[in-house]
Structure formats: structure tokens, C-alpha cells
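Summary of structural features
Now for the letters of each chain:
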Amino acid sequence: SSAASYVYKRQPYEGIYEMLNQVVALGYSIALITNKSQEMAEVIMNDYFSDYPWIEIIGQSKNHPAKPDPTTVHQMVTLSHTTDNLVFMVGDTEVDLEVARNAGIHEVFVTWGFRALAQVAHIHPKEIIDTPENLFEIIQKYRSKEECYD
């Protein structure tokens, strides 16, 4: 079956487009790393997020090890021309938190996604947000710390 058959009347979570607009307006690079197949990742991103300047969309394939292997995250950091200090893995599973830790970047767990906070509480997420808008508070917090060291 094709990846298109997996996309059925799903819509992005409320506030996602506004969050992406603001992140892009602030000059941040955005990328997607998923354990979904490359084909499925491209179908979903083309259907819902094609207006955004993704530096890369990487799904699982023989060329890219699955999360929590940090290899793909390191590739994204290189492509974004930034430092690990201002890279955030925003995700909704334990694997997202694990890949952030393995890659040495900031982890942000979202409570509105695939897993509930209670399901990942045992691994103590460092940052937790309840709405997409809350991501800006996290970015500002780390951005302010980074500016202190410039």
C-alpha cells in the first residue's frame, strides 16, 4: 500500500502553523526527523507543510538510522549552520527525548501528541510544553542563556 493510504483526514494540531510561522520569522531553521518511512514523511509534509522552508525531511530509510540514533540529528545541525546550544528536538515520544539526549541537544516534550506525559514521566523530560505557543518561552530561555556567553 502507498503512503498516501495512511493519510486520512488528519489535520495538524491546533497552533502548529502559527508556531512554525513564528519560528521561521525568528530566523530559525526547521527540519523533520521521523521514524515513519521516508515516503510517508514526504506525503504528510507535502500535504500539510509544503509552504515551509524545511532544510530537510528525513524519514526512516536504509540511508538514515532510526531514532534514537543521533546521526541524523548531527547531520541536521551541520545543515542548519548553528550550534547544538540552540537546537531543539520537539517531540511526543520517549524516542524523541532519547535522540535529543544522545545528540546533546535540547529536548522538548509536547503533551498534545502521541504519548501522554504520564507515559514518559519516568525518563524526566527536561522541558515540557502544553501548547505550541509555549515553545517560544523555551526558545527565549535558551536564547537568553546563549547571549550571556557571546
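Preceding this section is the structure that the text describes.
Bear in mind that the values here come from a model prediction, so they are computed numbers and not experimental data. (Residues numbered from 1 in each chain as written. Predicted model: local features only at pLDDT ≥ 70, side-chain atom pairs only at ≥ 80, totals over all residues. Heavy atoms only, no water.)

1. Brief notes about the overall build of the chain
For clarity, the threshold we go by: Under the scheme used here, helices are H or I runs from DSSP no shorter than 4 residues and strands are E runs no shorter than 2 residues, and both carry numbers assigned from the N terminus. Atoms counted for the radius of gyration: C-alpha only. Globule rule: 2.2 Å times the number of residues to the power 0.38. Residue burial is assigned from relative accessible area. The probe radius is 1.4 Å, only protein chains are included, and a residue is buried under 20% of its type maximum, exposed over 50%, and partly exposed in between. Any pair of residues with heavy atoms lying within 4.5 Å of one another is described as a contacting pair. Note on areas: Shrake-Rupley with a 1.4 Å probe; residue coverage comes only from the protein chains shown. A residue counts as positive if it is Lys or Arg and as negative if it is Asp or Glu; His and the chain ends are not included. Where a charge sits is defined by one atom per residue type, namely NZ (Lys), CZ (Arg), CG (Asp) or CD (Glu).
Across its full length, the chain carries six helices and five strands. Rg of the C-alpha trace for the chain: 15 Å, near the compact-globule value of 15 Å for 150 residues, within the 12% margin. Structurally, the chain occupies a C-alpha span of about 50 × 35 × 30 Å along its principal axes. Looking at the chain as a whole, 40% of its 150 residues are labelled buried. In the chain, the share of contacts with a sequence separation of at least 24, taken over all contacts with a separation of at least 6, comes to 50%. As displayed, the chain offers around 8900 Å² of accessible surface, 52% of which is attributable to carbon and sulfur atoms. Separation of charge centres in the chain, based on 11 positive and 21 negative side chains, amounts to 5 Å.

2. As for the packing of aromatic side chains
Note the cut-off: Stacked, tilted and edge-to-face pairs are distinguished by plane angle, under 30 degrees for stacked and over 60 for edge-to-face with tilted covering the rest, among Phe, Tyr and Trp rings (Trp via its six-membered ring) whose centres lie within 6.5 Å.
Considering all chains together, one arrives at five aromatic pairs under this definition. Considering the side-chain rings of Tyr17 and Phe49, the 5.6 Å spacing of their centres and the 55 degrees angle between planes classify their relative orientation as tilted. Placement of the pair is Tyr17 in helix α1 (residues 16-25) and Phe49 in the loop between α2 (38-48) and β2 (54-60), with a sequence separation of 32 residues. On the accessibility criterion, Tyr17 (31% relative accessible area) is partly exposed. Look at Phe88 and Tyr142: their rings are 5.7 Å apart centre to centre, the planes differ by 70 degrees, and that puts the pair in the edge-to-face class. One end of the pair, Phe88, is in strand β3 (residues 88-91); the other, Tyr142, is in helix α6 (residues 135-148), with 54 residues separating them in the sequence. Under the relative-accessibility criterion, Phe88 is labelled buried at 18%.

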